[in-house]
Amino acid sequence: MFFASDNSSGAAPEVMAALAAANDGFTRGYGADALTERVQDRLRELFEAPEAAVHLVATGTAANALALATVAPPWSAIFCHRHAHIAEDECGAPEFYSNGAKLVLVGGDHGKMTPEGLRAAINATGGSVHGVQRGAVSITNVTEAGTVHTPAEIAALTAEARAFGLPCHLDGARFANALVATGATAAEMTWKAGIDLLSFGGTKNGCLGVEAVVIFDPAKAWEFELRRKRGGHLFSKHRYLAAQMDAYLDGGLWLRLAAQANTAAARLAAGLATIPGVRQTHPVQANMMFPEWPAGTHARLQAAGAVYYEMPAPEGREAARLVTSWNTTDADVDRFLTALAG
């Protein structure tokens, strides 16, 4: 009953097998190996973007921060939802790697910025040498509230950014879960919807530790490479990143793993809906949810062995964040529901 995070699950067997296979013999380092080239070609094909630049890093924070630094100058603003991961969970990494860009936080329900809110925030920024200038927009999918942007919703946000000439970044730490939830293609969710660069997640969905930065404007690729090296995120034994991503993509494994996580979440949400006194704070659309329940429930669940993050709640209530993973089983879900029902 481990629902703390999809970061807490293990790596898929296919990924571990690929790492073992990549460990044999010698190859060039720093991404000059044939496996890295194959992964780059596979991601270009997946995104229907033959000119895209593809680079691998080991963490989502590195992917987001280095990508944003590539498009946001030090004197600029990066517009994002007020609860975005880059705002609340990356210890100032985007500001650090951009050498000073400022996050401008935009409101919106259930983890989503609205086009009107984004437009107002952009309009209120810039215009004077005394303040930060307009820099870039960052959108998260799946959001930190567990909701999912459709391609049309992303396009509505990027249209606002385009009106001001701003590039758009997508934090796709749970990108696979978002695609499974919407049925969209990788291209429809990104460049076809106005996204310029993407952090394509693997770590939360069955990899040991790898993320891809996909840059749809190859003119920015060299700067990203320099920033990655300067920032200490260019692996010398790069094949171990590539091996994970290659296995992740092989035969659609990445989508199958995300589908398993989303299916487990749907089972959990359906069960929660049948228990009196339990309600969801946000719509459940992927593999993360935020239920509330009566005070005293945490103690009972944790005594039964459940692990999850406690969240702020109104007086007399308790709240939690529950995240399902690629290897969450029906038995895990059912044990949790039994413990919750008391």
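Residues numbered from 1 in each chain as written. Predicted model: local features only at pLDDT ≥ 70, side-chain atom pairs only at ≥ 80, totals over all residues. Heavy atoms only, no water.

### Quick look at the environment of alanine 93
Move 1: Relative to the helices and strands, alanine 93 resides in helix 5 (residues 93–97).
Move 2: Taking relative accessible area as the criterion, alanine 93 reaches 8% and is therefore assigned buried.
Move 3: Residues within four places of alanine 93 in sequence aside, it is in contact with Thr61 and Ala65. (Helix = DSSP H or I, 4+ residues; strand = E, 2+ residues; numbered from the N terminus. Buried < 20%, exposed > 50% of the residue type's maximum accessible area, 1.4 Å probe, protein only. Contact = heavy atoms within 4.5 Å.)

### Describing the packing of helix 12 (residues 253–272) against helix 14 (residues 330–341)
Move 1: The contact between helix 12 and helix 14 brings their axes to 10 Å, and the two run at 20°. It follows that helix 12 is roughly parallel to helix 14 by the angle criterion. For the crossing formed where helix 12 meets helix 14, the hand is right-handed. Across the interface between the two elements, Ala264, Arg267, Leu268, Gly271 and Leu272 of helix 12 pack against Asp330, Val333, Asp334, Phe336, Leu337 and Leu340 of helix 14. (Axes fitted to C-alpha atoms, helices over the stretch in contact; angles between N-to-C directions. Parallel < 35°, antiparallel > 145°, perpendicular 65-115°, else oblique. Left-handed = near helix turned anticlockwise from the far one by under 90°.)

### So, the packing of aromatic side chains
Centre-to-centre distance and the angle between the planes together describe a pair of aromatic rings.
Move 1: Within this structure, the stated rule accounts for 12 aromatic pairs.
Move 2: An angle of 80° between the planes, with centres 5.8 Å apart, marks the rings of phenylalanine 47 and phenylalanine 200 as edge-to-face. With phenylalanine 47 in the loop between helix 2 (34–46) and strand 1 (53–57) and phenylalanine 200 in strand 6 (residues 197–201), this pair connects stretches of sequence that are 153 residues apart. Here phenylalanine 47 and phenylalanine 200 have matching classes, each one buried.
Move 3: On the basis of an interplanar angle of 45° and a centroid distance of 6.3 Å, the ring pair of tryptophan 293 and phenylalanine 336 is categorised as tilted. (Phe/Tyr/Trp six-rings, centres within 6.5 Å; stacked < 30°, edge-to-face > 60°.)

### Focus on the layout of surface pockets
Move 1: For the largest pocket, the calculated volume is near 630 Å³.
Move 2: Taken together, 28 residues make up the lining of the largest pocket; nearest its centre are Glu88, Glu144, Phe290, Met311 and Arg321.
Move 3: When contributions to the lining of the largest pocket are tallied by element, the ones reaching two or more residues are helix 4 (85–88), strand 11 (309–311) and strand 12 (317–323).
Move 4: Among the elements that make up the lining of the largest pocket, the one with the highest residue count is strand 12 (three residues).
Move 5: For the lining of the largest pocket, the class distribution of residues is nine nonpolar, 10 polar and nine charged. (1 Å grid on protein atoms, 1.4 Å probe; cavity = no way out; pocket = protein on both sides within 12 Å on 5 of 7 lines; lining within 4 Å. Points joined across faces, edges and corners; volume = space filled by probe spheres on them. Nonpolar A, V, L, I, M, F, W, Y, C, P; charged D, E, K, R; others polar.)

### Thoughts on the nonpolar core
Move 1: Formed by 61 residues in total, the largest nonpolar core has its most connected members in Leu43, Phe47, Phe79, Val137, Phe175, Phe200 and Met245.
Move 2: For this core, the element with the most residues is helix 11 (residues 239–249), which contributes seven residues.
Move 3: Each residue touching phenylalanine 175, except ones within four places of it in the same chain, is listed here: Phe47, Asn141, Leu170, Ala186, Met189, Thr190, Leu198, Phe200 and Trp254.
Move 4: Among the nonpolar cores identified, the runner-up in size contains 21 residues, and Val57, Ala63, Ala67 and Val71 belong to it. (Core = buried A, V, L, I, M, F, W, Y, C linked by side-chain atoms within 4.5 Å.)

By themselves these figures say nothing about function.
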